[in-house]
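The primary structure of each chain is shown beneath.
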Amino acid sequence: MRFDTVIQNGTIVTAADTCAADVGIVGDKVAAIGSRLPVDGASKLIDAAGHYVIPGGIDVHTHLDMPFGGTTSADDFESGTIAAAFGGTTTLIDFAIQYKGQTLRTAFDSWMSKASGKAVIDYAFHCIITDLPDARLEEMSALVREGVSTFKLFMAYPGVFMLDDATIFKAMSQAAKFGGMICMHSENGGAIDVIVQRALAEGKKAPKYHALTRPTTAEAEATSRAIALAEMAGAPVYIVHLSCNDALEKVREARDRGLPVFAETCPQYLYLSLENMDAPGFEAAKYVFTPPLREKWHQEKLWQGLAQDALQVVSTDHCPFCFKEQKEMGKDDFTKIPNGGPGIEHRLSLVYSGGVHAGRFSPNRFVQLVSTAPAKLFGLYPRKGTIAVGSDADLVVFNPKREEIISASTHHMKVDYSMFEGIKVTGVPDLVLSRGNVVIENNKFVGRPGAGSFLRRGLFTGL
Ligand SMILES: [Zn+2]
């Protein structure tokens, strides 16, 4: 057999196995896994001695080129996917937003045009539904046939994104009918808005009040309600960006009862805390995202959740806004600070470092959390999310020993600060392939804008 590329001498790590073997690539697929694969005629040999060879990361929660509060997230599909690739992520699922009065199809079409010609890695979409009269329920199944098989609904942001329980219940019932899945932003938006208005009336307008007006109880209540609605509808539900132990307990309890309830957390909730909101001046605006940062003790609970499978996925909720001019829109009023933080580039390193290097879980669990579970839950497996004959050759040669200090001065996201500035990680991608082509090598991007393809996702089939 003749290969285009052979990755030699590495240790392959999947969610299930660890083995010393070469990977042979033909075209954009993995063609063989074995010891001492023949290299005659191969145009590229990659020496992975001392490295892990892992399936490319899958980030199921990003917001590239997204309008929010009068501005637009700072990374588009070119800069955002390049930054993702530097961090070992080779697939992302972004959100196409349906605005009130629009068809779901309009949302899909407009996000497809944002990505096409720009993305350097493969991408797919969830659809955010903000307006769902009964007549529109049918559109959900049409979109699933197009490969947009998951829908995000909001229990927060009244008047903008929030849906009432009846609408959420109908959407879940509809999803249950044809195998789609609902992703839920779980916070009690009604109660939070009252607390926010009270704070503003008392003159509490600094960034840290963004966090202090969104209690963990509001997240736990909505998580519990989302689970109950899904149970009544007979539908699976996926809780996005879970940030606190209160909500985690609701998910764990539901899973213990055998319900198809899944949840993700994000690196910011594992590494940052309410203490970051005490940064001097307006600095704390860098950490204004939703749900907000919590007291530090929640971090260890979330790590335990990841180790014990109460949490199944780590995504980033990458939604970058520059500190200058964008975050500054809320200088005098925290409610005007665009919500979101940059994270697409450092997910694998942060999870590996805090998870595997710190001794909390195995390299296999790491791969499960950042690649395999996302692929299985979101209809991309086994094309993505593992290393197997016939799978896409989305591969990361990962250096488990290399150290790096995260900094805005060296990152590739188009944003003027880092949430993780100064944090030292151990474990960094050295080389990244997207569908058989090297995209990151020697710390340089060597891929091509437009090389990424839209992925028509299949149905949710469980984990
Ligand atoms: Zn988000």
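Here the structure is shown first, and the text comes after it.
Read on for a plain summary of the structure. Here the structure is a predicted model, which means the values were calculated and not measured.

Observations regarding the sheet that holds strand E15 (residues 237-239)
Reading across from one edge, E8-E11-E12-E13-E14-E15-E16-E17 is the order of the eight strands in this open sheet, with parallel pairing throughout. In the strand order of this sheet, the two ends are held by strand E8 (57-62) and strand E17 (313-314), each with one partner. Relative to strand E13 (residues 150-154), strand E12 (residues 122-128) runs parallel, the two sharing two bridges. In the strand pairing of E13, Cys127 is matched with Phe151. Running over the sheet, helix H12 (residues 363-377) touches E8, strand E14 (181-185), E15, strand E16 (261-265) and E17 and is turned about 65° from E8.

Describing the pattern of salt bridges
Tallied over the full model, the rule gives 29 salt bridges. Note that Glu404 is salt-bridged to Arg402, the shortest N-O span being 3.3 Å. Its relative accessible area of 27% is what places Glu404 among the partly exposed residues. The network of salt bridges with common partners includes Lys29, Asp122, Arg383, Lys384, Asp392, Asp394 and Arg435.

Thoughts on the packing of aromatic side chains
Following the criterion strictly, the structure yields 22 aromatic pairs and no others. A ring pair is formed by Tyr123 and Phe125, whose centres lie 5.8 Å apart and whose planes are at 65°; its orientation type is edge-to-face. Each member of the pair, Tyr123 as well as Phe125, is classed as buried. Ring geometry for Tyr157 and Phe161: centres 5.9 Å apart, planes at 75°, overall edge-to-face. Here Tyr157 matches Phe161 in class, with each residue buried. In textbook terms, an aromatic cluster arises when at least three aromatic residues are bridged by ring pairs, as seen for Phe68, Phe154, Tyr157, Phe161 and Phe321. Over the face of the ring belonging to Tyr157 we find Arg214, whose NZ or CZ atom lies 5.7 Å from the ring centre. Positioned above the aromatic ring of Tyr381 is the side chain of Lys376, whose terminal nitrogen or guanidinium carbon lies 4.7 Å from the ring centre.

Here we look at the coordination of the zinc ion
Taken together, His61 (NE2), His63 (NE2) and Asp317 (OD) make up the full set of protein donors to the zinc ion, lying 2.1 to 2.2 Å away. Expressed as a motif, the donor residue spacing for the zinc ion is H-x1-H-x253-D. Of the two residues examined, His61 and His63, each falls in the buried class.

How each quantity is defined
Residues numbered from 1 in each chain as written. Predicted model: local features only at pLDDT ≥ 70, side-chain atom pairs only at ≥ 80, totals over all residues. Heavy atoms only, no water. Pairing = 2+ DSSP bridges. Helix = DSSP H or I, 4+ residues; strand = E, 2+ residues; numbered from the N terminus. Contact = heavy atoms within 4.5 Å. Axes fitted to C-alpha atoms, helices over the stretch in contact; angles between N-to-C directions. Salt bridge = Lys/Arg side-chain N within 4 Å of Asp/Glu carboxyl O. Buried < 20%, exposed > 50% of the residue type's maximum accessible area, 1.4 Å probe, protein only. Phe/Tyr/Trp six-rings, centres within 6.5 Å; stacked < 30°, edge-to-face > 60°. Lys NZ or Arg CZ within 6 Å of the ring centre and 35° of its normal. Donors = N, O, S within 2.8 Å, 3.2 Å for Na, K, Ca; no water.

Just distances and angles here, no functional claims.
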